[in-house]
Amino acid sequence: MDENPRSLPQALRHYLVNPLALGHLGVVLAACLWVTVDAVSASSSGDASFAGLWAVLATAPTSMVLLVAGPVGLIGVPIGAIVQAAALGALYRYITERRTHTTEGGISNALAHGSSSNPGRWPAAEGRAPRQRQPPTSRPSRAVRSAAIRHCQSCLAP
């Protein structure tokens, strides 16, 4: 269980204040503003519009659960926007926090999964001497590049 439980406002702030969640809320806000402008302009002309559908689609499928007839059904749009933004925020936090935890101390995720008898090396490198690193300015020879291309092509061939 969590050592430091958060209150509801702290948890919402933790999941809603990041670029992905704020971007989603911005798209939903833009759709709702467009619906409002269209509804005001369409009411004077007497022409019906399907612009209100975009606000529901921007928050679907969450908003469709609360979809009922009449203006009361529009309560699903802000609830759906917040639920989806929180889900996107949780995904964003999971990805970014996982990336920072696996690269602490300069060890990448690939090197962290070495074998237990040979930590810090690739599992396939057991029993072999470590390869010497080439200077960053040197390029592999043409024969090495051709062999690598042939190998990749044979792997991709059906």
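Values in this document were obtained by computation on a predicted structure and should not be read as measured data.

(A) Structural detail: the side chain of T59. Tracing the chain through its elements places T59 in the loop between helix 3 (52-58) and helix 4 (62-65). Residue classification places T59 among the buried residues on the basis of a relative accessible area of 0%. In this structure T59 touches V28, G76, V77, G80, A81 and Q84, once residues within four positions along its chain are discounted.

(B) Spatial organisation of a nonpolar patch on the surface. Together, W34, F50, L53, W54, L57, M64 and L67 make up an exposed nonpolar region whose accessible area comes to about 800 Å². The dominant element in the nonpolar patch, judged by the number of residues it contributes, is helix 3, at three residues. In this structure, F50 sits in the loop between helix 2 (19-45) and helix 3.

(C) Focus on the packing of aromatic side chains. One pass over the full model with this rule turns up one aromatic pair. Between W34 and W54, the aromatic rings sit 6.4 Å apart at their centres with planes inclined by 50°, giving tilted as the arrangement. Within this pair, whereas W34 is found in helix 2, its partner W54 is found in helix 3, the two being separated by 20 residues in sequence. In this structure W54 comes out as partly exposed when scored by relative accessible area, which is 49%.

(D) Region of interest: unusual backbone geometry. A60 connects to P61 through a cis peptide bond whose omega is 5°. Positionally, P61 belongs in the loop between helix 3 and helix 4.

About the criteria used
Residues numbered from 1 in each chain as written. Predicted model: local features only at pLDDT ≥ 70, side-chain atom pairs only at ≥ 80, totals over all residues. Heavy atoms only, no water. Helix = DSSP H or I, 4+ residues; strand = E, 2+ residues; numbered from the N terminus. Buried < 20%, exposed > 50% of the residue type's maximum accessible area, 1.4 Å probe, protein only. Contact = heavy atoms within 4.5 Å. Patch = residues over 30% accessible without salt bridge, like charges linked within 9 Å, V, L, I, M, F, W, Y side chains within 5 Å. Areas by Shrake-Rupley, 256 points an atom, 1.4 Å probe, with all protein chains shown as cover. Salt bridge = Lys/Arg side-chain N within 4 Å of Asp/Glu carboxyl O. Phe/Tyr/Trp six-rings, centres within 6.5 Å; stacked < 30°, edge-to-face > 60°.

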